[in-house]
Every structure is written in C-alpha cells, then in structure tokens.
Amino acid sequence: MSKSNYRGRFAPTPSGLLHAGSLATALASWLDAKAARGIWLIRIEDIDLPRVVTGADQAILQQLALFGMTSDEPVVFQSQRQNSYKEQLEKLHLQGLTYPCNCSRKEITHHIQRQNGSNLPTQGLIYPGTCRTITPWIDPSELNHCRLAIRVRLPRDDQHQLLRQTVGDFVVRRADQIISYQLAVVTDDAQQGITHVVRGADLLDNVARQVWLQQVLHLPVVNYLHIPLVLSPQSEKLSKQTMAPAIWPPNPLATLQFLYSAASHLGIQIPNRNIQTVPEWLQSAILAWPDRQPPCAITF
Ligand code: GLU
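To keep things clear, this report deals only with the structure shown in the data block. (Residues numbered from 1 in each chain as written. Predicted model: local features only at pLDDT ≥ 70, side-chain atom pairs only at ≥ 80, totals over all residues. Heavy atoms only, no water.)

All right, on to the site of the ligand then. Looking at the ligand, the residues that line it are Arg-9, Ala-11, Pro-12, Thr-13, Glu-45, Tyr-181, Arg-199 and Leu-203. Between the ligand and the protein, one listed contact pairs a nitrogen atom with a backbone N or O atom of Ala-11 at 2.7 Å. Between the ligand and Thr-13, the relevant distance is 2.8 Å, taken from a nitrogen atom to a side-chain nitrogen or oxygen of the residue. In isolation the ligand exposes 300 Å². Once the protein is present, 80% of that is buried. In this structure, the ligand is accommodated by the largest pocket. In terms of residue class, the shell around the ligand is built from four nonpolar, one polar and three charged. (Near = heavy atom within 4 Å. Polar contact = N/O pair within 3.5 Å; in protein donor to acceptor, adjacent residues only side chain to side chain. Areas by Shrake-Rupley, 256 points an atom, 1.4 Å probe, with all protein chains shown as cover. 1 Å grid on protein atoms, 1.4 Å probe; cavity = no way out; pocket = protein on both sides within 12 Å on 5 of 7 lines; lining within 4 Å. Sits in = over half its atoms within 2 Å of the grid points. Nonpolar A, V, L, I, M, F, W, Y, C, P; charged D, E, K, R; others polar.)

What follows is the structure in structure tokens.
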C-alpha cells in the first residue's frame, strides 16, 4: 500500500534485453520509489517500431521479475497510446508552437555549413529553423496525415534561450508519423501521474526539452534524478550496439550477485548479513537507500 504521493517509473525501450547498465537504472528507480513508500511502474517504450525487437518486451518483464521488480499497476505500452500523443501534438499545434519541416539531415548539414563557413558545431546538428517561416500552416484536422516531420517552434528571448541555442526547434513527430520520444514521454509521465523520474545520465540532456513541453502543455513538471552509466571496460555506455550481454542469472546465487554489482555501482552498502533471497536483499537495499544518492548523481 502506498504511503506517499511518490509515483516513479522505469521505461525501457524493448530494442534489446536488460544488461548490467539497465539493471542498475531499474534498481535505482525501484529503490527510490520504495524508499519513499511510493508506487513504481513499468512502461514499455515501444513507440519506435523499427527499433523494437520482437519478444524483448516480455523478456524484459521476466528479467525484472527475477530481480523482484514488478509494476504496481498494469504495464503500459506506448504502442497502444497513439491517441493521447496525437491529442498533445494537436495542443501544441493549436498554440502555434509547431510547423512542418521537410529538411533532410543532409540539407540541414549543408545549411549549417553555409552559415558557419563549412564548420559543423561540435555539439551536433542544431536545426537552424529553415522551415519555420516557409512551410504553410496546416489545418489541425490534417496534422495526422501530414507526411512531413513536425517541429516545435522554440521562443527566442526568454529563459529557454539556451534550449534554442543548444538544441534548436526539435522534432515532435517524425516524417514517418512516429511521435518523438520527447512528446511521448511527457504525455505518458503526465497521464500516469509520475512525480519522480530516475534514469541514466545519458538522458540528462533531454530534461530541458521535456520540461519545456511540460510547461507549454500545462503538465506537471517532474523531479529528475540521473544516475551514472555503467561503462564497459572500454569506457563505452553498455548497449546493444556495444554488445552488452543480457542478464539471465542461472541460479539464485547469481541473481544476488547481479544485484550486489548493481548496488555497488549505485554506491549502496548492503549491511553484511546472511541474505539468501531476492526479497530479503531488496528490503536491505531499501534501508540502505534513503540517506544515499548515487555517486556523482546529477539532479535537475
Ligand atoms: N526508453 C528510454 C530508454 O530505454 C528511457 C526513457 C526515460 O526514462 O525517459 O533509454
């Protein structure tokens, strides 16, 4: 039974199975919720179908369950929430905050090179706003059929100036009509009443975009905690691309060992007593969590 208003979530993309890095993230978000006597939810972020690996969603749920982590409410699948995303997109559009864009990546690169005398900015491609004034207004009823990407129009001169300079007008719906991660996440976090997001530091630079969307859509702003990533021996982020192995502990002892490694990454000291089962281990970890934040935790 929840004793607080805390609602947290773990939101894996089923593009591969859980590896040591995603286990540490799941554990941090679970512990933060449980230490606050809150609710913890799992949301499967399967909106980007081309990235989804068939069966990975169910496998991830099984992996989490092996480590004692199950959703306190039915698991939500982004692929089933298209109507909510379309509603939020329309809200942005009706405020005049979106415009269609038909620039390819190549065209954006050329445009920036022309502006900067062939140098590309080190922080990546910041969309220069080429289509801001040239693409015509689309009627809201046609928004869903529009075959162009839809970008947001960031304000020029207010507290969001940094966002405009460092990210640029970003895409909220892709040309293949898939809603962007940014818009889907703020829609889901709001509809699921999420108050706290604990996730990997690789997502830190998304926060400003998400807070901006929460503000213009009049959604509650969430508390964010970003935990350090687990790196490979080559100091690369563990991921499918870096061939991070999926974790399938062969026996209960191995399960506990995976949990101990994840806890050590998070900087939690589990008191040294004879722990035999996953639920016992998790109870000790909850007690170890409250006065503890991950090393170098980056809060926003
Ligand atoms: N689906 C994202 C991932 O697997 C996490 C998104 C989030 O926590 O906001 O990296």
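On we go.
Take the packing of helix H1 (residues 20-35) against helix H8 (residues 252-266) next. Viewed as axis vectors pointing N to C, H1 and H8 meet at an angle of 75 degrees, and their least axial separation amounts to 9 Å. Classified by the angle their axes make, H1 and H8 are roughly perpendicular. The segment H1 lies against H8, with Leu-23, Ala-24, Leu-27 and Ala-28 engaging Phe-258, Leu-259, Ala-262, Ala-263, His-265 and Leu-266. For the contact of H1 with H8, the class distribution of residues is nine nonpolar, one polar and no charged. (Axes fitted to C-alpha atoms, helices over the stretch in contact; angles between N-to-C directions. Helix = DSSP H or I, 4+ residues; strand = E, 2+ residues; numbered from the N terminus. Parallel < 35°, antiparallel > 145°, perpendicular 65-115°, else oblique. Contact = heavy atoms within 4.5 Å.)

What the three strands build is an open sheet, ordered E4-E5-E6; its pairing is antiparallel. Both outer strands of the open sheet, strand E4 (98-101) and strand E6 (171-173), are each paired with one neighbouring strand and no more. Between one strand axis and the next, the sheet turns by 45 degrees as a mean value, whatever way the strands run. Direction of pairing for E4 relative to strand E5 (residues 149-152): antiparallel, over a ladder of four bridges. Bridge pairing links Cys-101 to Ala-149 in E5. (Pairing = 2+ DSSP bridges.)

The next point concerns the layout of surface pockets. The volume enclosed by the largest pocket comes to roughly 1100 Å³. Residue lining of the largest pocket: 43 residues in total, with Thr-13, Ser-15, Arg-51, Asp-202 and Lys-237 positioned closest to the centre. Those elements that place two or more of their residues in the lining of the largest pocket are strand E1 (7-10), H1, helix H6 (181-191) and strand E7 (196-200). When grouped by side-chain class, the residues that make up the lining of the largest pocket number 22 nonpolar, 12 polar and nine charged. Taken as a whole, the second largest pocket encloses approximately 540 Å³ of empty space. (Points joined across faces, edges and corners; volume = space filled by probe spheres on them.)

The next point concerns a nonpolar patch on the surface. On the surface, a nonpolar cluster with roughly 250 Å² of combined accessible area is contributed by Leu-17, Leu-66 and Trp-248. Note on placement: Leu-66 falls in helix H2 (residues 56-66). (Patch = residues over 30% accessible without salt bridge, like charges linked within 9 Å, V, L, I, M, F, W, Y side chains within 5 Å. Salt bridge = Lys/Arg side-chain N within 4 Å of Asp/Glu carboxyl O.)

By the criterion of burial, H6 is predominantly enclosed, with eight of the 11 residues buried. Buried within H6 we find Gln-182, Leu-183, Ala-184, Val-185, Val-186, Thr-187, Asp-188 and Asp-189. Residues of H6 that are buried make contact with E1, strand E2 (39-44), helix H3 (82-94), E6, E7 and helix H7 (207-216). Phi turns positive, to about 65 degrees, at Gly-193, one or two residues after H6. (Buried < 20%, exposed > 50% of the residue type's maximum accessible area, 1.4 Å probe, protein only.)

Along the polypeptide, Pro-271 turns up in the loop between H8 and helix H9 (278-288). Take Pro-271: its relative accessible area is 45%, and that puts it in the partly exposed class. With 10 residues separating them in the primary sequence, Pro-271 and Trp-281 have C-alpha atoms 9.7 Å apart.

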